[in-house]
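# Structural overview
If you want the building blocks of each chain, they are given just below.
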Amino acid sequence: MTTTAERQMELTLPMVPDIEIAAARAVGNLAREMGMSTERVDEMMHAVIEACINAREHSGCADNRIYLRFLGTSQGDGSRVDIWVTDHGRGFDPEEARSRRQTPGTPHKRGRGLQLIELHMDEVDISTTKNGGTTVHMVKYEKKS
Amino acid sequence: MTEELKVAVERKPHGAVLYTKGYINNVGGEEIANRAYELMDDGVRTLLLNLRETKIVNSIGISILIEIIEKMMDQGGKIAFCCLTPVIHKTFQIMGLANYASIFDSEEAAAKELGL
């Protein structure tokens, strides 16, 4: 199967209020250029927003920056968008975070960001080390109809 | 960079409708809460949130919406939502909000069911 990189973007954003909207708009534009449906673009934008909020609220990083990379590729049977959201903060334990998670559908006021990311995206992989930062890699697919 | 949420209120004979426009984050959620609590203090017990012009919510904003629902339920009232995008609808279900507030496709359907 032929895979062609069609769109790539890298952003470094300051951790200021609402900066997640800039990240979401950027990936939304890239995904629309890849021909993705509105619903899948919206899901991706919501996932990026939650990843950026987690970085801003919980990373405790000294440089106050979020590093984003978006890669859109076309494949024979559709397209995919890869998203990396990185911070240089304290890291966290994803399993511990998941263990605090409630069952989907039960009301819970905080701590649902990671769950929303995992339910909105097709693949999610988290690389994190204590005081070594965190990278959330997310993938969204769109098959040709 | 700021994304200010605008909230408009329309009083109805038997309740009120809140119209939101923009991003529901922590600040937007607080703005909705302030308007909702003013209405509750004024005796409103049926509240419909029309999110037709809101395309993005975050988990912090939703947590504030859950607080509004809980406060209204404590007072014996009810809150419903209408005109959600498919992704916001899905997000509300994940967050558990859909268990405590009805969700309608249109304002007309909501108003009829709620008796606004």
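Just above sits the structure.
This write-up is about the structure you can find in this document. Since we're looking at a predicted model, the values are computed, not measured.

### Quick notes on the overall build of chain B
For chain B, the helix and strand inventory stands at four helices and five strands. The principal-axis extent of the C-alpha atoms belonging to chain B is close to 40 × 25 × 25 Å. The buried share of chain B, taken over its 116 residues, is 43%. Pairs at least 24 residues apart make up 68% of the contacts formed inside chain B by residues separated by at least 6 positions.

### Focus on the overall build of chain A
Each helix and strand counted, chain A has four helices and five strands in total. Listed N to C, the secondary structure of chain A is β-α-α-β-β-α-α-β-β in terms of helices and strands. For chain A, the proportion of its 145 residues judged to be buried stands at 41%. Pairs at least 24 apart in sequence give 70% of the contacts found in chain A among residues at least 6 apart.

### Describing the packing of helix α2 (residues 38–58) of chain A against helix α3 (residues 86–94) of chain B
Where α2(A) meets α3(B), the axes come as close as 9 Å, and the angle between the chain directions of the two elements is 50 degrees. When the axes of α2(A) and α3(B) are compared, the pair comes out oblique. Judged by residue contacts, Glu39(A), Asp42(A), Glu43(A) and His46(A) of α2(A) engage Pro86(B), Val87(B) and Thr91(B) from α3(B). Looking at the contact of α2(A) with α3(B), its residues break down into two nonpolar, two polar and three charged.

### Observations concerning the sheet that holds strand β4 (residues 78–82) of chain B
Across a sheet, strands are paired by hydrogen bonds formed along the backbone, either parallel or antiparallel in direction. All names here are of chain B. The strand order across the open sheet formed by five strands is β1-β2-β3-β4-β5, and the pairing between neighbours is mixed. Two strands lie at the open edges of the sheet, namely β1 (6–12) and β5 (102–104), each paired on one side alone. If you compare each strand with its neighbour and ignore which way they point, the axes differ by 20 degrees on average. Direction of pairing for β4 relative to β5: parallel, over a ladder of three bridges. Directly across from Cys82, in β5, lies its bridge partner Phe104.

### Concerning the interface of chain A and chain B
Between chain A and chain B, the residue contacts involve 27 residues of the former and 23 residues of the latter. The element contributing the most residues to the side of chain A that touches chain B is α2(A), with eight residues. For the side of chain A that touches chain B, the class distribution of residues is 13 nonpolar, six polar and eight charged.

### Notes on unusual backbone geometry
Backbone geometry follows two general trends: most residues other than glycine have a negative phi, and most peptide bonds adopt the trans configuration. Residues and elements named next belong to chain A. Notably, Asn64 is not glycine yet its phi reads approximately 50 degrees, a positive angle. In the Ramachandran plot, Asn131 falls in the positive-phi region, its phi being about 60 degrees despite a non-glycine side chain. Looking at the element boundaries, Asn131 is found in the loop between β4 (123–129) and β5 (133–143). Judged by C-beta crowding, with 10 C-beta atoms within 10 Å, Asn131 ranks as exposed.

### Describing the environment of Leu119(A)
By the secondary structure assignment, Leu119(A) is in helix α4 (residues 113–120). A C-alpha to C-alpha distance of 8.7 Å links Leu119(A) and Ala47(A), two positions 72 residues apart in sequence.

### Brief notes about the nonpolar core
Of all hydrophobic cores here, the largest spans 70 residues; its most connected members are Val27(A), Val48(A), Cys52(A), Val85(A), Leu47(B) and Leu48(B). Looking at this core element by element, the count peaks at 10 residues for α2(A). Dropping the residues within four chain positions of it, Val48(A) is found in contact with Glu20(A), Ala23(A), Ala24(A), Val27(A), Ile83(A) and Val85(A).

### Examining the pairing of strand β3 (residues 78–87) of chain A
Residue and element names in this part refer to chain A. When you tally the buried positions in β3, you get seven out of 10 residues, the bulk of the element. The turn joining strand β2 (residues 65–75) and β3, which pair antiparallel and follow one another in sequence, is formed by two residues. The pairing of β3 with β5 spans 10 bridges and is classified as antiparallel. Across the sheet, residue Arg80 finds its bridge partner in β5, namely Tyr141.

### Describing the packing of helix α1 (residues 26–41) of chain B against helix α2 (residues 59–74) of chain B
Residues and elements named next belong to chain B. As a packed pair, α1 and α2 sit with axes 8 Å apart at the nearest point and diverge in direction by 15 degrees. Taken together, α1 and α2 sit at an angle that is classed as roughly parallel. Crossing of α1 over α2 shows right-handed handedness. For the pair α1 and α2, contact is made by Asn26, Gly28, Gly29, Glu30, Ile32, Ala33, Ala36 and Met40 and by Ile60, Gly61, Ile64, Leu65, Glu67, Ile68, Lys71 and Met72, respectively.

Rules behind the numbers
- Residues numbered from 1 in each chain as written.
- Chains lettered and ligands numbered in written order.
- Predicted model: local features only at pLDDT ≥ 70, side-chain atom pairs only at ≥ 80, totals over all residues.
- Helix = DSSP H or I, 4+ residues; strand = E, 2+ residues; numbered from the N terminus.
- Buried ≥ 20, exposed ≤ 12 C-beta atoms within 10 Å, placed from the backbone.
- Contact = placed C-beta atoms within 7 Å.
- Axes fitted to C-alpha atoms, helices over the stretch in contact; angles between N-to-C directions.
- Parallel < 35°, antiparallel > 145°, perpendicular 65-115°, else oblique.
- Nonpolar A, V, L, I, M, F, W, Y, C, P; charged D, E, K, R; others polar.
- Pairing = 2+ DSSP bridges.
- Core = buried A, V, L, I, M, F, W, Y, C linked by C-beta atoms within 7 Å.
- Left-handed = near helix turned anticlockwise from the far one by under 90°.

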